[in-house]
Amino acid sequence: MPRRRLIWQLYPAYLVVVVVSIAAAVVYIDHAVRGVFLQQRVASLKARAALIAGRLPQPFPRAAGAELDALVRRLDEEAGARVTLIAPDGVVLSDSEKTPPLDNHAHRPEVVAALAGEVGLVERYSDTMRMEMHYCARPVLDDGRIVGVLRVALPTADVSDALAAIRLRLEVGALAMAALAAAMGIAIFSRVVARPLAQIRASASAFTAGNLTSVIPDQRAEEFGGLSDAVNTMARQLHDQIRTITQQSNEQRAVLASMIEGVVAIDSQERILSLNAAAATFLGVEPARVIGRPIREIVRNTQLQRFVARTLAGSDPVEGDLVLPAEGEDRYLQAHGTVLRDPAGAGIGALVVLNDVTRLRRLENIRRDFVANVSHELRTPVTAIKGSIETLREGAMDDPARAEQFLAILARQADRLNAIIEDLLRLSRIEQENERAEVELAPHRLRDVLQSALSDCQAQAAEREINLRLTCPPDLLARVNAPLLEQAVVNLLDNAIKYSDPGASVDLNALADEREVRIEVRDTGSGIPAEHLPRIFERFYRVDKARSRRLGGTGLGLAIVKHIAQAHRGSISVASTVGKGSVFTLHLPLLTTEERGGK
Ligand code: ADP
């Protein structure tokens, strides 16, 4: 529907009312003025008639004559009105405007009234004067008998002209009033109606634009005041509600964002409604680009698709395990799916919560592998021991030379078992202490610790004709657990000696820069092929199993070193070239300034 401004709807009606009222007033005033004028005219005519009546000749003339005419004309001049004397039979005896004979006036209405003994007052057209006249006729009495009629007449034009002049002024005044009223109407309308409405509208527009804190100014009119109060209250409530909702949604978003579980909400068409940062990471997607898109388009994983379908199809919560292939390592997720319901209880989608269990899986795998490895490692010496005992029982015992040989095997395998078990215990102790943060670290002079480790290996080195060399600044301090660090260095030296050729040198160097303390064990031995480097710190991992066993290795030495490095908040790294040698480096954190000052 086309809309018109309120003023154009109200204003014409207002104008009509104004114009009609003013017109009515003009008509009324005109009428009243006219009445007053006529009254005055009647009074004036009567007064003149009375005046003239007193001046009439006695007795009343019976016939016309020049003398009478002269008198009548004189009376006319004095009274300023037409004067007519009429005999009782209607014959005009004299007239100040016209010399008789005139028509018989017996039937003129004013004359008829006068002859009946009354004062006749009439307004009518004068055939004689050819104009509208006011007549006043009164009987002239003589002894109570009507002897004639005196008539006085004035032209109505005098009154009409005066009335016309007054009417003109009235009309001009009315027009001016109407114009003023029209202008005032617009001014009043805009002040009383348009301006408050415009204010209310402006504020309402501000509200719709989101500025709910703007306030409609107080209104003088009760109705507008009520309206603006209501709108202000509505805006305030809306503002409060929106603030509450925003706060709630921010809190929810913050909770979702900080969850380590991935949360994905999808609608019944499997389109993503929302997902948190963790879910985006698990699924390898960017949250902003996937909202509103079907999950099967985003993540091409049949396990996930089937899980979502299963959740949407059922009414009970669903659980499942998912594997999402990823670069490097697959991601294992435990998924919980629940149907999302609207307040009426109808299903509108599903909520999928994802737990990353990759680490758990990895630990499980490690544990499983470890048990398998330990069993395997133990089985080899146990098999050798059982075999030797069997052989001894079967007769070798009787042959001293053979018996000695098998006893030697038994002793070696028992040592091996012992070595494995000791290494395992050591490893588990370090792990436990590390987990419980029980490894005590204190600033130590590194040179003393390294010297001690070197001494431990000296005999073995001498046996293999290996030259051990130590370089370490005498005042170099590090925060260490001395026995553990010595153990780690011994393990590294032990390997370096084992895997070096006789006559070679093994260097043990310690140095510090502005970032860390480094302890290097450098050999010129066989080196390690690059593909094995990432795994040599795993338990029981060996590059060459047979050689390691032959050399008395358990495959646990480097794993122990790695755990000792971790217990020191440090790490271990390796660089190696096949045929040229290896460098194992222990990285330890620097002392803090206070610790340095304290020692
Ligand atoms: P092991 O008891 O067999 O020495 P480790 O855990 O100490 O077990 O070492 C794991 C494997 O890493 C060894 O079997 C060996 O193949 C390789 N390795 C360790 N240190 C050296 C080294 N200095 N030179 C060459 N290979 C080494």
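These numbers were taken from a predicted model, which means no experiment stands behind them. (Residues numbered from 1 in each chain as written. Predicted model: local features only at pLDDT ≥ 70, side-chain atom pairs only at ≥ 80, totals over all residues. Heavy atoms only, no water.)

Asks: Report on the sheet that holds strand S3 (residues 120-126), specifying residues and quantitative values.
Replies: Ordered by their spatial adjacency, 5 strands build an open sheet running S2-S1-S5-S4-S3, and the pairing between neighbours is antiparallel. Each of the sheet's edge strands pairs with one partner strand only, and the pair in question is strand S2 (92-95) and S3. Across this sheet, the average inter-strand angle for adjacent strands is 25°, counted without regard to direction. Pairing of strand S1 (residues 82-86) with S2, which is carried by 3 bridges, proceeds in the antiparallel orientation. Opposite Thr84, over in S2, you have Asp95 as the bridge partner. (Pairing = 2+ DSSP bridges. Helix = DSSP H or I, 4+ residues; strand = E, 2+ residues; numbered from the N terminus. Axes fitted to C-alpha atoms, helices over the stretch in contact; angles between N-to-C directions.)

Asks: With reference to specific residues and values, describe the pattern of salt bridges.
Replies: All told, the structure shown has 27 salt bridges when counted by the stated rule. Measuring nitrogen to oxygen at the nearest pair gives 2.9 Å for the salt bridge that ties Asp356 to Arg331. With Asp356 in strand S10 (residues 347-356) and Arg331 in strand S9 (residues 331-341), this residue pair connects regions lying 25 residues apart in the sequence. Among the residues examined, Asp356 registers a relative accessible area of 34% and is labelled partly exposed. For Glu431, the salt bridge goes to Arg539, with nearest N and O atoms at 2.9 Å. Here Glu431, found in helix H11 (residues 400-435), pairs with Arg539, found in the loop between strand S15 (516-522) and helix H14 (545-550); they are 108 residues apart in sequence, far enough to count as distant. Taking the relative accessible area as the measure of exposure, Glu431 reaches 22% and is therefore partly exposed. With a relative accessible area of 21%, Arg539 lands in the partly exposed category. The network of salt bridges with shared partners includes Glu377, Arg416, Arg542 and Arg549. (Salt bridge = Lys/Arg side-chain N within 4 Å of Asp/Glu carboxyl O. Buried < 20%, exposed > 50% of the residue type's maximum accessible area, 1.4 Å probe, protein only.)

Asks: An account of the site of the ligand is requested, with residue identities and associated values reported.
Replies: Neighbouring the ligand are 22 residues, the closest being Asn495, Asp523, Ser548, Gly555 and Leu558. Here an oxygen atom of the ligand sits 3.1 Å away from a polar atom, N or O, in the main chain of Val543. Within the contact set of the ligand, an oxygen atom lies 2.9 Å away from a backbone nitrogen or oxygen of Thr554. Burial of the ligand by the surrounding chains reaches 97%, relative to a free accessible area of 520 Å². (Near = heavy atom within 4 Å. Polar contact = N/O pair within 3.5 Å; in protein donor to acceptor, adjacent residues only side chain to side chain. Areas by Shrake-Rupley, 256 points an atom, 1.4 Å probe, with all protein chains shown as cover.)

Asks: Run through the packing of aromatic side chains, naming residues and quoting values.
Replies: Within the structure shown, the criterion is met by 4 aromatic pairs. When the ring of Tyr11 is compared with that of Tyr14, the centres are 5.7 Å apart and the planes differ by 25°; the resulting orientation is stacked. With Tyr11 and Tyr14 both in helix H1 (residues 6-55) and 3 residues apart, the pair spans about one turn of that helix. Relative accessible area serves as the criterion here: at 10%, Tyr11 is assigned to the buried category. Each ring, one from Phe537 and one from Phe584, has its centre 6.2 Å from the other, and the planes form 80°; the classification is edge-to-face. Separated by 47 residues along the polypeptide, Phe537 in the loop between S15 and H14 and Phe584 in strand S17 (residues 581-589) bring together distant segments of the chain. Assessed through its relative accessible area of 11%, Phe537 is described here as buried. With a relative accessible area of 6%, Phe584 lands in the buried category. In this structure, Arg124 is placed above the aromatic ring of Tyr135, and the distance from its NZ or CZ to the ring centre is 4.1 Å. (Phe/Tyr/Trp six-rings, centres within 6.5 Å; stacked < 30°, edge-to-face > 60°. Lys NZ or Arg CZ within 6 Å of the ring centre and 35° of its normal.)

Asks: Please set out the side chain of Glu520 residue by residue, giving values where relevant.
Replies: Inspection of the secondary structure puts Glu520 in strand S15. Among the residues examined, Glu520 registers a relative accessible area of 13% and is labelled buried. Side-chain polar atoms of Glu520 contact the side chain of Arg522, separated by 3.2 Å. Ignoring anything within four residues of it in the chain, the contact list for Glu520 reads Asp507, Leu508, Asn509, Val583, Phe584 and Thr585. (Contact = heavy atoms within 4.5 Å.)

Asks: With reference to specific residues and values, describe the pairing of strand S8 (residues 318-324).
Replies: Only one face of S8 is buried, namely the one carrying Val318, Gly320, Leu322 and Leu324, since none of Glu319, Asp321 and Val323 on the opposite face is buried. Taking the residues that link successive antiparallel strands as the turn, the S8-S9 hairpin has 6 residues, and the phi of Gly328 there is positive, at about 85°.

Asks: Account for the packing of helix H10 (residues 358-393) against H11, with residues named and values stated.
Replies: It is at 9 Å that the axes of H10 and H11 come closest, and there the two elements cross at 160°. By the angle between their axes, H10 is roughly antiparallel relative to H11. When the axes of H10 and H11 are compared, the crossing they make is left-handed. Residues of the contact of H10 with H11, tallied by class, amount to 19 nonpolar, 3 polar and 3 charged. (Parallel < 35°, antiparallel > 145°, perpendicular 65-115°, else oblique. Left-handed = near helix turned anticlockwise from the far one by under 90°. Nonpolar A, V, L, I, M, F, W, Y, C, P; charged D, E, K, R; others polar.)

Asks: Can you explain the sheet that holds S17? Please cite residues and give values.
Replies: Taken in spatial order, the 5 strands line up as S12-S14-S15-S17-S16 in an open sheet, and their pairing is mixed. Bordering the open sheet on either side are strand S12 (467-471) and strand S16 (571-577), each of which pairs with just one other strand. Looking at each pair of strands side by side, their axes are set apart by 15° on average, direction ignored. Pairing between S12 and strand S14 (residues 505-512): 5 bridges, direction parallel. Paired with Asn467 across the strands is Ser505, a residue of S14. Each of S12, S14 and S15 touches helix H12 (residues 446-463); the most contacted strand, S12, lies at about 175° to it.

Asks: Quick one: what's the story with helix H5 (residues 222-258), residue by residue and with numbers?
Replies: Between its terminal C-alpha atoms H5 stretches 53 Å, which fits the 54 Å expected from 37 residues at 1.5 Å a residue. Considered for burial, the residues of H5 that qualify are Phe224, Gly225, Ser228, Val231, Asn232 and Ala235. Buried residues belonging to H5 abut helix H4 (156-208). (Expected span 1.5 Å × (residues − 1).)

Asks: Talk me through the nonpolar core; I want residue IDs and the actual numbers.
Replies: Ranked by size, the top nonpolar core spans 55 residues in total, and within it Leu446, Leu468, Leu485, Val489, Leu493, Ile519 and Leu586 carry the most contacts. If you list the elements that add at least two residues to this core, you get H11, H12, strand S13 (477-480), helix H13 (482-498), S14, S15, helix H15 (557-567) and S17. Broken down by element, the residue count for this core peaks at 10 residues, all from H13. Every residue in contact with Leu485, bar those within four places of it in the chain, is listed here: Leu446, Val449, Val480, Ile519, Ile564, His568, Leu586 and Leu588. With 25 residues, the next largest nonpolar core counts Ala278, Val290, Leu304 and Ala335 among its residues. (Core = buried A, V, L, I, M, F, W, Y, C linked by side-chain atoms within 4.5 Å.)

Asks: Can you tell me about the packing of H12 against H13, naming the residues and giving the values?
Replies: Two elements in contact, H12 and H13, have axes whose closest approach is 9 Å; the angle formed by their N-to-C orientations is 40°. The orientation of H12 with respect to H13, classified from their angle, is oblique. H13 is crossed by H12, and the crossing has right-handed handedness. Taking contact as the criterion, the partners of Leu446, Val449, Leu450, Ser452, Ala453, Leu454, Asp456, Cys457, Gln460 and Ala461 in H12 are, on H13, Ala482, Leu485, Glu486, Val489, Val490, Leu493, Asp494, Ile497 and Lys498. The residue inventory of the contact of H12 with H13, partitioned by class, reads 13 nonpolar, 2 polar and 4 charged.

Asks: Lay out the domain arrangement of the chain with the relevant residues and their values.
Replies: Splitting the chain by domain gives domain 1 (260-355), domain 2 (361-429) and domain 3 (439-598). One C-alpha centre belongs to domain 2, the other to domain 3; they are set 27 Å apart. In this assembly, 13 residues from domain 2 lie in contact with 11 residues from domain 3. For the pair domain 2 and domain 3, the summed buried area comes to about 1,200 Å², and 64% of that belongs to carbon and sulfur atoms. Of all residues in domain 2, Glu377, Arg416 and Leu427 give up the largest surface area on contact with domain 3, accounting jointly for 44% of the area buried on that side. (Domains from an automatic or database assignment. Buried area = accessible area lost by both parts, 1.4 Å probe.)

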